[in-house]
Amino acid sequence: QVQLVESGGGLVQPGGSLRLSCAASGNIFSIYNMGWYRQAPGKQRELVARISSGGSTSYADSVNGRFTISRDNGKNTVHLQMNSLKPEDTAVYYCNANIVAATTYRRLEVWGQGTLVTVSS
């Protein structure tokens, strides 16, 4: 069993910054890609940023240059540093990971419970 737990969401003013964290725990053999998605009310979930096990990153055009994704493989943790936040960044942010489970070596796609980011003055 594997779970992802996000933290770091909250209320921030436009132009401000937040740092989201996501820790994976449980029966983990290895973790490949990790990413952050977000979903606003009435909108579909979208990919925000993704990072491979080797550190290769990609970003949605809407956040490129403002957000930075990083990971600590030793702690099975991924972070999203969000700078120059805009009201349109308001959403529930979800952590996602592609994981190979220990013992069974099953490939799993795991989602966190989400953390709310509200950008408002």
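Here the structure is a predicted model, which is why all the values come from computation and not from measurement.

Visitor: Sorry, what's going on with the pairing of strand 3 (residues 18-26) here?
Guide: Every regular strand shows the same layout, with side chains that alternate between the two sheet faces. As judged from the six bridges shared by strand 1 (residues 2-7) and strand 3, these two strands associate in the antiparallel manner. Counterpart to Q3 in the pairing with strand 3 is S25. Note: strand 3 against strand 8 (residues 77-82), six bridges, orientation antiparallel. By the bridge assignment for strand 8, R19 is matched with Q81.

Visitor: Would you mind going over the environment of N76 with me for this structure?
Guide: Inspection of the secondary structure puts N76 in the loop between strand 7 (67-72) and strand 8. Judged by relative accessible area, which is 26%, N76 ranks as partly exposed. In the structure, N76 is positioned 37 residues away from Q39 in sequence and 24 Å away in space, judged by C-alpha atoms. Each residue touching N76, except ones within four places of it in the same chain, is listed here: C22, A23, A24, I28, I31 and M34.

Visitor: Explain the environment of V110 here, please?
Guide: Structurally, V110 can be placed in strand 10 (residues 107-111). Judged by relative accessible area, which is 9%, V110 ranks as buried. The spacing of V110 and V100 is 10 residues in sequence and 10 Å in space, taken between C-alpha atoms.

Rules used throughout
- Residues numbered from 1 in each chain as written.
- Predicted model: local features only at pLDDT ≥ 70, side-chain atom pairs only at ≥ 80, totals over all residues.
- Heavy atoms only, no water.
- Pairing = 2+ DSSP bridges.
- Helix = DSSP H or I, 4+ residues; strand = E, 2+ residues; numbered from the N terminus.
- Buried < 20%, exposed > 50% of the residue type's maximum accessible area, 1.4 Å probe, protein only.
- Contact = heavy atoms within 4.5 Å.

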